[in-house]
Structure formats: structure tokens, C-alpha cells
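Read off the chains here:
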Amino acid sequence: MNFYVMTLFPEMVSSGLSASILGRASERDLLSVETINIRDYADNKHNKVDDYPYGGGAGMLMQAQPVVDAHRALTERIGRKPRTVYVTPWGRVFDQKIAEDLAQEEDLIFLCGHYEGIDERALELVATDYLSIGDYVLTGGELPAMVMIDCISRLIPGVLHNDESAQTESFTDDLLEHPQYSRPEVFEGMEVPPVLLSGHHKNIETWRRQQSLLRTLKYRPDLLQKAQGLTKADLAFLKEQGFEP
Ligand code: ADE
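These lines cover the structure that appears in this document, whether it is placed above or below. Along each chain, numbering runs from 1 in the same order as the chain's sequence is written. Reporting in this predicted model follows two pLDDT cut-offs: at least 70 for local features of residues, and 80 or more for side-chain atom pairs to be given and counted; totals over whole chains, interfaces and linings ignore these cut-offs and use all residues. Hydrogens and water molecules were not included; the side-chain quantities draw on all heavy atoms of the structure.

Topic: the sheet that holds strand β2 (residues 32-37)
Here, strands pair whenever DSSP counts at least two bridges between them. Each helix corresponds to a stretch of at least 4 residues labelled H or I by DSSP, and each strand to a stretch of at least 2 residues labelled E; elements are numbered beginning at the N terminus. The parallel open sheet is built from five strands, whose spatial order is β2-β1-β6-β5-β7. The open sheet has two free edges, formed respectively by β2 and β7 (129-132), since each of these has just one partner strand. When the angles between neighbouring strand axes are averaged without regard to direction, this sheet yields 30 degrees. Across the sheet, helix α1 (residues 10-17) is in contact with β1 (2-7) and β2; its angle to β2 comes to roughly 170 degrees. Contact definition: two residues touch when any of their heavy atoms are within 4.5 Å. Fitted lines through C-alpha atoms serve as axes, helices being fitted only where they are in contact, and the angles separating the N-to-C directions of these axes extend from 0 to 180 degrees. In the packing of helix α6 (residues 142-153) onto the sheet, the strands contacted are β1, β5 (83-93), β6 (107-112) and β7, and the crossing angle to β6 comes to about 160 degrees.

Notes on the packing of α1 against α6
One can describe the packing of α1 onto α6 by two numbers: an axis separation of 10 Å at closest approach and a directional angle of 30 degrees. Considering the angle they form, α1 stands roughly parallel to α6. In the crossing of α1 with α6, the sense of the turn from one axis to the other is right-handed. Every residue of α6 that contacts α1 at Met12, Val13, Gly16 and Leu17 is listed here: Glu142, Leu143, Met146 and Ile149. Classifying every residue of the contact of α1 with α6 by side-chain character gives six nonpolar, one polar and one charged. The labels follow the angle: roughly parallel below 35 degrees, roughly antiparallel above 145, roughly perpendicular from 65 to 115, and oblique for the rest. By the definition used in this description, the sense in which the near helix is turned from the far one sets the handedness, with an anticlockwise turn below a right angle giving left-handed and a clockwise turn giving right-handed. In the scheme used here, Gly and all other residues not listed as nonpolar or charged are polar, with Ala, Val, Leu, Ile, Met, Phe, Trp, Tyr, Cys and Pro taken as nonpolar and Asp, Glu, Lys and Arg as charged.

Observations concerning the nonpolar core
Across soluble globular proteins, nonpolar side chains have a tendency to be buried as a group. Each nonpolar core is a collection of buried residues, namely Ala, Val, Leu, Ile, Met, Phe, Trp, Tyr and Cys, held together in the definition by side-chain atoms within 4.5 Å. Burial classes follow relative accessibility: with a 1.4 Å probe on protein chains only, a residue under 20% of its type's maximum area counts as buried, one over 50% as exposed, and anything between as partly exposed. Counting residues in each nonpolar core, the largest one holds 28 residues, and the members touching the most others are Phe3, Phe94, Leu108, Phe110 and Ile152. For this core, the secondary structure elements donating two or more residues are β1, α1, α2 (20-27), β5, α4 (96-102), β6 and α6. Counting residues per element, this core draws most heavily on α6, which supplies six residues. Apart from the residues within four sequence positions on either side, Phe94 is in contact with Ala99, Leu102, Leu131, Ser132, Met148, Cys151 and Ile152. Tyr4, Ile36, Met62 and Ile118 belong to the second largest nonpolar core, which has 21 residues in total.

Considerations on α6
Every α-helical turn comprises 3.6 residues, leaving residues that sit three or four positions apart pointing alike. Expected helix span is taken as 1.5 Å per residue step, with the number of steps being one fewer than the number of residues. When the terminal C-alpha atoms of α6 are compared, their 16 Å separation across twelve residues agrees well with the 16 Å that a helix rising 1.5 Å per residue should span. Among the twelve residues in α6, nine count as buried, and that is most of the element. For α6, the full list of buried residues reads Glu142, Pro144, Ala145, Met146, Met148, Ile149, Cys151, Ile152 and Ser153.

Brief notes about the side chain of Thr75
Within the secondary structure, Thr75 is located in helix α3 (residues 64-78). In contact with Thr75, not counting residues within four places along its chain, are Arg80, Lys81, Pro82 and Ile109.

A word on the pattern of salt bridges
Here, a salt bridge means any side-chain nitrogen of Lys or Arg that lies within 4 Å of a carboxyl oxygen of Asp or Glu. Per the counting criterion, the structure on display carries nine salt bridges. Of the charged contacts, one joins Arg83 and Glu105 as a salt bridge, the two residues approaching to 3.2 Å between their closest N and O atoms. Here Glu105 lies in the loop between α4 and β6 and Arg83 lies in strand β5, a separation of 22 residues in the sequence. Look at Glu105 and you get partly exposed, because its relative accessible area is 22%. The salt bridge partner of Asp174 is Lys226, with a shortest N-O separation of 3.8 Å. Taken together, the positions of Asp174 in the loop between α8 (169-172) and β8 (186-187) and Lys226 in helix α10 (residues 221-226) put the pair 52 residues apart, joining distant regions of the chain. Note on Lys226: relative accessible area 45%, which makes it partly exposed.

This is the structure:
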């Protein structure tokens, strides 16, 4: 999978994505991350890429020309027009399902805005998807693009080791992950739940499922309302906790 990030701050993106699991995956050629500096496409000698918005208002806007030229040069080089995600607080809120959909692509372009956004005509010409990472406003699209790239990357076969990939499961069925414990058995007087030491796989599985349900009920009850895979046993357990769907 090839990610292309169009940005005014390429170092921020390349340094943020070169460490840890994604760095290892790039070295193994499972993915690549290329940054495109939009400023390189400014058509004036001061390399200016922003201007005042027509109609007035606060702040500056990224101009259409450098964005469209950068995108055109990139898609000509790739040889086709991949999906191009404009990262913006007014986009659809990114989630695990959208990540799974985007992970099917061979190439993906992310367009990061700055200042008060980008001239609408550039978006009309280049963007295919509009995505946000949540209902709050950041200073630019780089961190949101990095969040999405990280999340999509771990879905690419081979990027995670098998023991790591189990962690996705709890999100895909709309439940939060159960608590986890490692050695020692007693830490500062706090014991590991005895069932986890019992070796009784069926009981461990039931305990983990119930802990997932409890955690979701406590922190994200909204997820339970739309959870698809709840069994009769799950519903009975939740009812005991006072939850009625
Ligand atoms: N740019 C600024 N804030 C953002 C957000 N919450 N999501 C995506 N892009 C953004």
C-alpha cells in the first residue's frame, strides 16, 4: 500500500510515521509513505501558497493552484487517480469501518490543509473523500492524516504480528477490549483476577466477554445500542447490569 501525503509540513509527517511498527513495515516494503511539499508547486518567487478569502473573514486560505498542480503532478506520476482524502473537521468522522474500506486501496492520497482551509475549487478538482478524526479543531491536517495512516496500516496483512492483530477484534464487533494482566501475579497488593490463572479456557472466555460488555457499558454505552453481534447470553448479562437496549 502506498500513502502519499500532500502537506506544507512534510518533515512532521515523515518523522511521525517512520518509527516503530510503521517504520518496520516500510523497511519490509509492506507500505510506503511519500510526502509531497505543496509549497514546491507555488508559481511565484516567494513560494507563497496562501491568500485572503474573498468576502472577508479571519485568516488565510490555501490557494487552489499549488494544490491542484501538486495533485496533477502526483497522479500523472502514479499513472492513475487514486482516492484522495481531504482531512478536515467538517468531514465524515473516521472510524474502524472506514479504515477497513480504505485499507483495500493500492494507493491513497491525503491532502492536509492549513490556515482556514483550502480554496473550494481545489477540493472539487482533487478530493474524493472528506474525513475528520473527531469534533474538535486542530491547527492542520497532518496529525489527523497520520492517525488515519497508522490505523489503516495495521490492517495491511503482515504489518502486525499475529499476536498483535488480535487487538482489532474488539473494535470490529463494537465492543471495547477487556482488561489485560501480565506478570507479576500481585502488584502493589493488587491481584490478577483468579480466573485468568485457572487454565479453564471456557471460563476465561466468558469472563473476558463480560468484562468487554461491562467496560463498553461504562465508557461507551452508545456502542452497545448499535452492537450487531450480541448473543442471548450477552443480553442476559447486560440486563443484570441494568442495561435495556
Ligand atoms: N483539521 C483540523 N482539525 C481536524 C480534525 N478534527 N479532523 C481532521 N482534520 C482536521
